[in-house]
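# Structural overview for review
Letter by letter, the chains look like this.
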Amino acid sequence: MLVKLERLKAKAASVRPDDRAQLRALLDDIGTLRDLLMRECTRIDGEINRATVRATAITAYGRNARSVRALRRGH
């Protein structure tokens, strides 16, 4: 995506302000890249949420295992 962004920056630098067709195409490309970035952000956010849930479950499992061992030892 960074390569696409660099290409868009280069393309934007070469577009003449009076060339409406190129400006429209550039805006369309920017919108497409923005949509792609938003989908990627959503995917990463989902992964972070799943990792957080897993970490919470692992922590709870560990606490439970410690308390069971303590009970068996008579503490």
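We now turn to the structure provided with this report. Because the structure is predicted, anything quoted here is derived from the model rather than measured. (Residues numbered from 1 in each chain as written. Predicted model: local features only at pLDDT ≥ 70, side-chain atom pairs only at ≥ 80, totals over all residues. Heavy atoms only, no water.)

### Topic: the overall build of the protein chain
The condition that has to hold: Numbering of helices and strands runs from the N terminus, with a helix taken as a DSSP run of H or I at least four residues long and a strand as a DSSP run of E at least two residues long. A radius of gyration in this sense is built from C-alpha atoms; the matching globule rule multiplies 2.2 Å by the number of residues raised to 0.38. Accessibility here uses a 1.4 Å probe with only protein chains present; expressed as a share of the type maximum, an area under 20% marks a residue as buried, one over 50% as exposed, and anything in between as partly exposed. Per-residue and other accessible areas follow the Shrake-Rupley method at a 1.4 Å probe size, with only the shown protein chains counted as cover for residues.
Along its length, the protein chain carries two helices and zero strands. The C-alpha atoms of the protein chain give 26 Å as radius of gyration, which overshoots the globular expectation for 75 residues (11 Å, by more than 25%). Dimensions of the protein chain, computed from C-alpha atoms along their principal axes, come out at roughly 85 × 15 × 10 Å. By residue count, 8% of the 75 residues in the protein chain fall in the buried class. Surface summary for the protein chain: the accessible area is close to 6700 Å², and the carbon and sulfur share equals 59%.

### Quick look at the side chain of Asp19
Put simply, the rule reads: Identification of polar contacts relies on pairs of N or O atoms within 3.5 Å, with a donor-acceptor requirement for protein atoms, meaning one able to donate a hydrogen and the other able to accept it, and with residues adjacent in sequence counted only if both atoms are side-chain atoms.
Following the sequence through the fold, Asp19 ends up in the loop between helix H1 (2-14) and helix H2 (20-73). From its side chain, Asp19 meets the backbone nitrogen of Gln22 in a polar contact 3.3 Å long.

### A short note on H2
Along an α-helix, a turn takes 3.6 residues, which lines up residues three or four apart on a common side. Spelled out, the test is: By this rule, a helix spans an expected 1.5 Å times one less than how many residues it contains. Contacts are assigned to residue pairs that have any heavy atoms within 4.5 Å of one another.
Taking 1.5 Å per residue, 54 residues should reach 80 Å; H2 reaches 79 Å between its end C-alpha atoms and fits that length. Among the residues making up H2, those that are buried are Leu26, Leu33 and Gly46. The inward-facing, buried residues of H2 contact H1.

### Some words on a positive patch on the surface
Under the convention used in this document: To count toward a patch, a residue needs a relative accessible area over 30% and no salt bridge; like charges are then connected within 9 Å, while nonpolar side chains (Val, Leu, Ile, Met, Phe, Trp, Tyr) are connected within 5 Å. A pair is scored as a salt bridge if a Lys or Arg side-chain nitrogen falls within 4 Å of a carboxyl oxygen belonging to Asp or Glu. When charges are counted, Lys and Arg are positive and Asp and Glu negative, with His and the chain ends excluded. Where a charge sits is defined by one atom per residue type, namely NZ (Lys), CZ (Arg), CG (Asp) or CD (Glu).
Residues Arg63, Arg66, Arg69 and Arg73 make up a contiguous surface patch of positive charge. As for its placement among the helices and strands, Arg73 is situated in helix H2. Taking the relative accessible area as the measure of exposure, Arg73 reaches 62% and is therefore exposed.

### Points about the pattern of salt bridges
Overall, the coordinates contain seven salt bridges when judged by the stated rule. Overlapping salt bridges bring together Arg16, Asp18 and Asp19 as one network.

### Focus: the environment of Thr42
Tracing the chain through its elements places Thr42 in helix H2. Put simply, Thr42 and Leu5 are 37 residues apart on the chain and 19 Å apart in space, counted from C-alpha to C-alpha.

### Let's talk about the packing of H1 against H2
A packed helix pair is summarised by two numbers, namely the angle formed by the two axes and the spacing between the axes. The condition that has to hold: Lines are fitted to the C-alpha atoms to define the axes, a helix being fitted only along its stretch in contact, and any angle between axes, read from their N-to-C directions, falls within 0 to 180 degrees. Angles are sorted into four bins: roughly parallel if under 35 degrees, roughly antiparallel if over 145, roughly perpendicular if 65 to 115, and oblique for all others. A crossing counts as left-handed when the near helix is turned anticlockwise from the far one by less than a right angle, and as right-handed when that turn is clockwise. Note that Gly is not counted as nonpolar here; it falls among the polar residues with everything else outside the nonpolar set of Ala, Val, Leu, Ile, Met, Phe, Trp, Tyr, Cys and Pro and the charged set of Asp, Glu, Lys and Arg.
Close contact between H1 and H2 brings their axes to 11 Å; oriented N to C, the two are set at 160°. One element, H1, and the other, H2, form an angle in the roughly antiparallel class. For the crossing formed where H1 meets H2, the hand is left-handed. Contacts from Lys4, Leu5, Leu8, Lys11 and Ala12 in H1 reach Leu26, Asp29, Ile30, Leu33 and Leu36 in H2. Its residues assigned to classes, the contact of H1 with H2 comprises seven nonpolar, no polar and three charged.

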